[in-house]
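Chains, contacts and geometry: an overview
What follows is the residue order along each chain.
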2 protein chains.
Amino acid sequence: MSKLVECVPNFSEGRDKEIIEKIVDEVRKTEGVKLLDYCSDKDHNRSVVTFIGGPEETKEAAFKLIKKASELIDMSKHSGAHPRMGATDVVPFIPIRDITTEECVQIAKELGKKVGDELNIPVYLYEDAASCPERQNLANVRKGQYEGFFEKIKKPEWKPDFGPSEMNKKSGATVIGARFPLIAYNVNLGTDNIEIANAISRRIRHISGGLRYAKAVGVMLNERNIVQVSINMVNYEKTAVYTIQEMVKMEAKRYGVPVIGAEVIGLVPMKALIDCAEYYLQIENFDIKQVLETNLSE
Amino acid sequence: MSKLVECVPNFSEGRDKEIIEKIVDEVRKTEGVKLLDYCSDKDHNRSVVTFIGGPEETKEAAFKLIKKASELIDMSKHSGAHPRMGATDVVPFIPIRDITTEECVQIAKELGKKVGDELNIPVYLYEDAASCPERQNLANVRKGQYEGFFEKIKKPEWKPDFGPSEMNKKSGATVIGARFPLIAYNVNLGTDNIEIANAISRRIRHISGGLRYAKAVGVMLNERNIVQVSINMVNYEKTAVYTIQEMVKMEAKRYGVPVIGAEVIGLVPMKALIDCAEYYLQIENFDIKQVLETNLSE
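Conventions and cut-offs
- Residues numbered from 1 in each chain as written.
- Chains lettered and ligands numbered in written order.
- Predicted model: local features only at pLDDT ≥ 70, side-chain atom pairs only at ≥ 80, totals over all residues.
- Heavy atoms only, no water.
- UniProt positions renumbered as here; feature names shortened; annotations may be inferred.
- Salt bridge = Lys/Arg side-chain N within 4 Å of Asp/Glu carboxyl O.
- Helix = DSSP H or I, 4+ residues; strand = E, 2+ residues; numbered from the N terminus.
- Pairing = 2+ DSSP bridges.
- Axes fitted to C-alpha atoms, helices over the stretch in contact; angles between N-to-C directions.
- Contact = heavy atoms within 4.5 Å.
- Expected span 1.5 Å × (residues − 1).
- Buried < 20%, exposed > 50% of the residue type's maximum accessible area, 1.4 Å probe, protein only.
- Domains from an automatic or database assignment.
- Least-squares fit on C-alpha atoms with pLDDT ≥ 70 in both.
- Buried area = accessible area lost by both parts, 1.4 Å probe.
- Polar contact = N/O pair within 3.5 Å; in protein donor to acceptor, adjacent residues only side chain to side chain.

An unreviewed UniProt entry annotates chain A as glutamate formimidoyltransferase originating from Clostridium drakei. Under the heading Subcellular location (unreviewed entry), UniProt records this for chain A: "Cytoplasm". Per UniProt, the comment on chain A under Pathway (unreviewed entry) is "Amino-acid degradation; L-histidine degradation into L-glutamate; L-glutamate from N-formimidoyl-L-glutamate (transferase route): step 1/1."

**Considerations on the pattern of salt bridges**
For side chains bearing opposite charge, pairing can occur when the charged atoms are close. Under the defined criterion, the tally for this structure stands at 45 salt bridges over all chains. When the shortest N-O distance is used, the salt bridge between Glu103(B) and Lys3(B) registers 2.8 Å. Highlighted residues: Glu103(B) in helix H3 (residues 101–119) and Lys3(B) in the segment before strand E1 (4–7), separated in sequence by 100 residues. Between Glu110(B) and Lys59(B) there is a salt bridge, and its shortest N-O distance comes to 2.4 Å. Placement of the pair is Glu110(B) in helix H3 and Lys59(B) in helix H2 (residues 55–72), with a sequence separation of 51 residues. A single network of salt bridges, built from pairs that share partners, joins Glu26(A), Lys29(A), Lys67(A), Lys68(A) and Glu71(A).

**Topic: the sheet that holds strand E11 (residues 259–265) of chain A**
Residues and elements named next belong to chain A. With antiparallel pairing, the 4 strands of this open sheet are ordered in space as E9-E10-E8-E11. Taken across any chain shown, the strands that pair with only one partner, and hence form the sheet edges, are strand E9 (214–221) and E11. Between one strand and the next, the sheet's axes are offset by a mean angle of 20°, whatever the strand orientation. Note that strand E8 (residues 183–189) and strand E10 (residues 226–233) share 7 bridges and pair antiparallel. What sits directly across from Tyr185, in E10, is Ile231. The strands touched by helix H7 (residues 241–253) are E8, E9, E10 and E11; relative to E8, the strand with the most contacts, the crossing angle is about 25°.

**Some details on helix H8 (residues 270–281) of chain A**
The end-to-end C-alpha distance of H8(A), which contains 12 residues, comes to 16 Å, matching closely the 16 Å that a straight helix rising 1.5 Å per residue would cover. H8(A) sits mainly inside the fold: 9 of its 12 residues count as buried. Within H8(A), the full set of buried residues consists of Met270(A), Ala272(A), Leu273(A), Ile274(A), Asp275(A), Cys276(A), Ala277(A), Tyr280(A) and Leu281(A). For H8(A), the secondary structure elements touched by its buried residues are E8 and H7 of chain A together with strand E8 (183–189), helix H7 (241–253), strand E11 (259–265) and helix H8 (270–281) of chain B. Of the residues one or two after H8(A), Gln282(A) is the one with positive phi, at around 60°.

**Considerations on the domain arrangement of chain A**
Under the domain assignment, chain A is made up of domain 1 (4–178) and domain 2 (183–293). The straight-line distance from the C-alpha centre of domain 1 of chain A to that of domain 2 of chain A is 31 Å.

**Focus: the relation of the copies chain B and chain A**
Turning chain B through 179° and shifting it by 0.0 Å along the axis lays it on chain A, with an RMSD of 0.1 Å. Within this description, the copies of the chain are treated as partners about a two-fold rotation axis. The position closest to the rotation axis in chain B is occupied by the C-alpha of Ala277(B), lying 2.4 Å away. Comparing contact sets, 100% of the residues at the interface of chain B also lie at the interface in chain A, consistent with an isologous, same-surface contact.

**Focus on the interface of chain B and chain A**
Much of the literature gives interface size as the accessible area that the parts lose upon coming together. On the side of chain A, 45 residues touch chain B, which itself brings 45 residues to the contact. Where chain B abuts chain A, roughly 3,800 Å² becomes buried across the two surfaces, and 61% of that area is made up of carbon and sulfur atoms. It is Leu281(B), Glu284(B) and Leu292(B) that lose the most area in chain B upon contact with chain A, and together they represent 18% of the buried surface on that side. The interface formed by chain B and chain A holds 2 salt bridges in total. Of the charged contacts, one joins Arg224(B) and Glu284(A) as a salt bridge, the two residues approaching to 2.9 Å between their closest N and O atoms. On the surface where chain B and chain A come into contact, there are 24 residue pairs in polar contact (both at pLDDT 80 or more).

**Structural notes on the UniProt feature "domain: Formiminotransferase N-terminal subdomain" (unreviewed entry) in chain A**
The feature "domain: Formiminotransferase N-terminal subdomain" (unreviewed entry), as given by UniProt, occupies residues 3–180 of chain A in the numbering adopted here. From the first C-alpha to the last, residues 3–180 of chain A spans 15 Å; its make-up is 35% helix and 24% strand.

See the structure below:
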């Protein structure tokens, strides 16, 4: 099995199709990476690209994308509803297969240095790559946005991790980092009582005493007339999908409410679901290489 | 996702390493297929090769392997403990991804015709590719073995599906077909009473009234001093792994015996385990393409 990294850069153009395509083309043209998805939002004036590949290839594609965005986007003329601070706003690297978060942190640092040195763009490291706790949270780093950064960057505590210590007027500043894959997972309850979904959410989520790597909120599904516990899992290896599922069931019992279904939104790493099969089937000593498909890639 | 077929040819040489390597090399040399495994048994004087690839490439590699085996193996001089009737004895094609058993039957037929026409070897189709019920079971086709086939082949009901109607003295005859992937799955019980494992096996297996695509037998694990229900699953889509697991649990309850573990032997198709995660997590409307890794192959 070869090492596999996912990269999800966000850049600040969501309206001009020609510019968007030219930027995405940089990923398409890079050998050894595969473009999985990209989507643009006109109100946000922002695009999100998802691609995957080997560590070096993914880093190379990210650099080329950042370079192209710095050529084609002028932040001094940018407006949009979504908070942003740079032409390429944020670039997370995500470990997918046979690679650690630490290795992704290393990729983020190498890319950050190259972007700082060669493109003259200030770079901040965030999440697992952050150089101090204050920089872990993206919202915290981005506070003040492009317009505010001309002042913010001068403060000693906001000196960039790489690149110049003053703003790049055209390209702004870029946030680069590493984080674990997110899983969006919703559990449907056999009731229309939103209070029950909210109460269960409070028991599940980390912030109010629940599981370390879970965020959760109650949601009303009007069309089906049921409620849902909507969960974001930020580390499926440490807080597993089956743990969430069983804990929602356990809490729902208090109200005599059944779990009537669940849904995975978007992509999910294979291992997150295989881990659940292993748990429920009580499989001993399973090796992920026993999954036939894992033997196919070089 | 590209179509993916597995092929597991068995050929009648398990002693001469040089010959074995030359035959396996035919697979290694074929572009678009990947050799997953091969092993030889000296007593059986037989080797089993496992490889995987696109339909055309897999068919091509199988043909080249059969051709090389027909050049290097002389069946008139072959002896070994395992039943056999040809230099290449049996060649199953197995649907792995994005392909039906029917398409694998088609591959088996095309290969059978080519082997018959170009190599002058009588070919029988078996399992899902069989031309009549009597030819579905490999043991039934192979009965009489190489030595007996010089007479058997003359009977109208044993006229080959392809190739000459008389034996190839050097290469014998070859059986080609299509079948679903096998899963070897064992469930461990918290008892040393083999009678309980046998009784549960009888409830599980098709032949004695159980699940259509399950074979099962009780096994004593002397080292651990426990018993096991040892299961062969011949169609995991129609008789699922979770169905087996839950049914073993249900039957074990009668004896107050817990299921204390399970094991998957060898390779398992990803979907067989994802199906279990879907069941236990109660996931609605899951699309296998939501598994991130399925987007990686062209």
